[in-house]
Amino acid sequence: MEDTKKRLGRGLSALLGDVPAVDAAASAPERDPRRLPIESLRPNPANPRRSFHDEPLDELTQSIKERGVMQPLLVRRVDDHYEIIAGERRWRAAQRAGLYEVPVIVRNVSAGEALELAIIENVQRTDLNAIEEAMGYQRLIDEFSHRQEQLAKLIGKSRSHVANTLRLLNLPASIRASVADGSLSAGHARALIGTANPDAIAEEVIRNGLSVRATEALVARLGKAAEAREEKKAKTPPIDDANTRALVRRLSNRLGLQVSLAHNTDESGTLTIRYSSLEQLDSVCRMLGEE
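Here is a short report on the structure shown in this document. (Residues numbered from 1 in each chain as written. Predicted model: local features only at pLDDT ≥ 70, side-chain atom pairs only at ≥ 80, totals over all residues. Heavy atoms only, no water.)

**Here's the deal with the layout of surface pockets**
Step number 1: Here the second largest pocket defines a volume of roughly 200 Å³.
Step number 2: Forming the walls of the second largest pocket are T195, A196, N197, I201, V219, L222, G223, A225, A226 and R229.
Step number 3: In terms of residue count, helix α11 (residues 212-235) provides more of the lining of the second largest pocket than any other element does, six residues in total.
Step number 4: Among the residues making up the lining of the second largest pocket, the classes are represented as six nonpolar, three polar and one charged. (1 Å grid on protein atoms, 1.4 Å probe; cavity = no way out; pocket = protein on both sides within 12 Å on 5 of 7 lines; lining within 4 Å. Points joined across faces, edges and corners; volume = space filled by probe spheres on them. Helix = DSSP H or I, 4+ residues; strand = E, 2+ residues; numbered from the N terminus. Nonpolar A, V, L, I, M, F, W, Y, C, P; charged D, E, K, R; others polar.)

In structure tokens:
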């Protein structure tokens with residue numbers, strides 16, 4: 001694994017097949033590159049890419065019909081077939097284009113090294129949606145112990161980009177799904193991080209077709225309104241009228257304990273029951289039906 005990481009750092013493009021160069025340290029490829037029948041290839045079940053949208057796949061298919069597969073797929077031998085490390089979109093498009101074989105570069109790597117290569121290759125692609133990208137980063141951190149600084153250098157991104165992309169995984173699943181299907185951009189999603197009700201805001205953004213800047217302004221307005229409500233609530237003293245005091249006396253007499261009640265104008269409040277021993281707490285629990 002350590003040797004593979006060194007190779008990734010100094011010759012990722014050659015190892016991934018971006019250029020038809022042979023790296024002598026890259027585990028002795030078989031006749032590099034070569035052509036293999038499409039039916040002998042299998043997708044990697046651990047491929048971090050989950051979405052293969054029809055429109056861009058159709059465009060790639062048309063390009064392959066006209067010019068062929070310009071970039072070899074990166075594969076490894078597994079039993080009686082070859083598993084795709086990088087290039088599943090090209091493999092799918094080649095099938096649509098009616099090709100019988102595709103160019104490949106075969107690498108003798110382990111399943112773990114193949115997964116690492118697949119994730120890195122995918123997160124460098126511009127057509128990967130932001131959630132798939134974030135999940136790829138997280139897997140590289142969790143499964144291969146990459147730190148954010150190392151990861152940024154490895155994939156050619158800034159550390160802030162990696163950190164901001166990873167933050168998208170903190171959003172609710174519904175919003176992550178909207179980013180994945182294109183209903184929301186990564187910029188929209190980042191504006192919703194840390195908001196009190198991101199789902200409701202996302203619905204308004206999608207319904208009204210708000211831009212990222214308009215979304216940020218909306219979030220700021222809602223945040224200020226929430227702060228104002230909290231400030232007003234903090235400044236408003238709790239109600240202390242005859243009815244409230246009478247209720248406190250009845251509760252205290254019923255429980256045999258000291259009770260205080262802070263009732264607010266917005267109908268919220270806090271009921272506090274004070275006890276001085278575990279026996280008193282047990283007594284309250286029994287009254288509430290707890291054993």
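**Some words on the packing of helix α5 (residues 130-144) against helix α6 (residues 148-155)**
Step number 1: Interaxial distance between α5 and α6 falls to 11 Å at its minimum, and their mutual angle equals 125°. Taken together, the axis directions place α5 and α6 in an arrangement best described as oblique. Like other packed secondary-structure pairs, α5 and α6 cross with a definite hand, here right-handed. Note on element contacts: α6 touches α5 through Q148, L151 and I155, opposite Y137, L140 and I141.
Step number 2: Here the contact of α5 with α6 is composed, by residue class, of five nonpolar, one polar and no charged. (Axes fitted to C-alpha atoms, helices over the stretch in contact; angles between N-to-C directions. Parallel < 35°, antiparallel > 145°, perpendicular 65-115°, else oblique. Left-handed = near helix turned anticlockwise from the far one by under 90°. Contact = heavy atoms within 4.5 Å.)

**Points about the nonpolar core**
Step number 1: In terms of nonpolar packing, the biggest core is built from 18 residues, with L41, L73, V75, V102 and V104 touching the most fellow members.
Step number 2: Only α2 (54-67), β3 (73-78), β4 (81-86), α3 (88-96) and β5 (101-106) provide two or more residues apiece to this core.
Step number 3: With 16 residues, the next largest nonpolar core counts A130, A186, I193 and I201 among its residues. (Core = buried A, V, L, I, M, F, W, Y, C linked by side-chain atoms within 4.5 Å. Buried < 20%, exposed > 50% of the residue type's maximum accessible area, 1.4 Å probe, protein only.)

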